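Residues per chain, in single letters:
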Amino acid sequence: MKKHSIIFFLLLAIFSNAQILERTAVNLAYRYTGRNVLQAGLEFRIGESGYKSVVIGPSMLYTRLNKKDRFIPEANIYYANNGQLYGASVSQYSIEPRIGISLFNIFFFNTGYAFPIHKEKYFKGITFGVQFNIAPVKGSKFYDQMKMM
């Protein structure tokens with residue numbers, strides 16, 4: 001019985017990973033949040049098309065604070081509707097509501113405002129960013145499909 005349950009869970013993991021990879025992308029971004037920040041992480045899309053889908057993901061921010069290199073974890077969520085983005089990100093230093101546009105889910109251009117939540121106000125004020133999403137599988141469901149008339 002143990003062998004059957006192990007095989008079942010192994011097959012379940014294989015098939016669920018195939019579904020997850022179809023909707024996942026690696027993001028690379030530049031952001032200005034009161035300072036220059038480079039960002040890399042993962043994005044996962046929930047929804048079938050660019051109309052009313054949700055994109056969530058963890059990221060790692062790289063910046064220099066007090067003459068030291070820092071890597072800061074961040075979580076973000078976007079609601080995408082026909083190319084419009086509404087979302088927020090949270091890190092240990094700030095909460096940042098954002099609005100922006102998406103070009104086929106390949107590029108995200110966004111702006112927002114960083115509210116500091118830490119006593120050191122490293123991330124504060126008006127922000128903007130550009131993000132490039134790279135899907136690891138061919139024919140990914142992460143990208144929106146271009147519709148020809």
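The rules we used
Residues numbered from 1 in each chain as written. Predicted model: local features only at pLDDT ≥ 70, side-chain atom pairs only at ≥ 80, totals over all residues. Heavy atoms only, no water. Pairing = 2+ DSSP bridges. Helix = DSSP H or I, 4+ residues; strand = E, 2+ residues; numbered from the N terminus. Axes fitted to C-alpha atoms, helices over the stretch in contact; angles between N-to-C directions. Buried < 20%, exposed > 50% of the residue type's maximum accessible area, 1.4 Å probe, protein only.

Visitor: What is the right way to look at the sheet that holds strand S4 (residues 68-81) in this model?
Guide: Each strand in a sheet pairs with another by means of backbone hydrogen bonds, the pair being arranged parallel or else antiparallel. As summarised here, the arrangement of the eight strands in space is S1-S2-S3-S4-S5-S6-S7-S8, forming a closed barrel in which the pairing is antiparallel. Going across the sheet, the axis of each strand differs from the next one's by a mean of 25 degrees, ignoring polarity. Taken together, the seven bridges between strand S1 (residues 24-32) and strand S8 (residues 125-134) define a ladder with antiparallel strand orientation. Residue pairing for S8: Ala 29 is matched across the bridge by Gln 131.

Visitor: Explain the pairing of strand S6 (residues 94-103) here, please?
Guide: For a regular strand, the rule is simple: side chains alternate between the two faces of the sheet. Burial along S6 is one-sided: the residues Ser 94, Glu 96, Arg 98, Gly 100 and Ser 102 are buried and none of Ile 95, Pro 97, Ile 99, Ile 101 and Leu 103 is. Bridging between strand S5 (residues 84-91) and S6 involves seven bridges; their strand directions are antiparallel. Bridging across to S6, Ser 89 finds its partner in Glu 96. Hairpin geometry of S5 and S6 is characterised by an intervening segment of two residues between the two adjacent antiparallel strands. Here S6 folds back onto strand S7 (residues 107-116), and the loop between the two strands holds three residues, one of which, Phe 104, carries a positive phi near 55 degrees.

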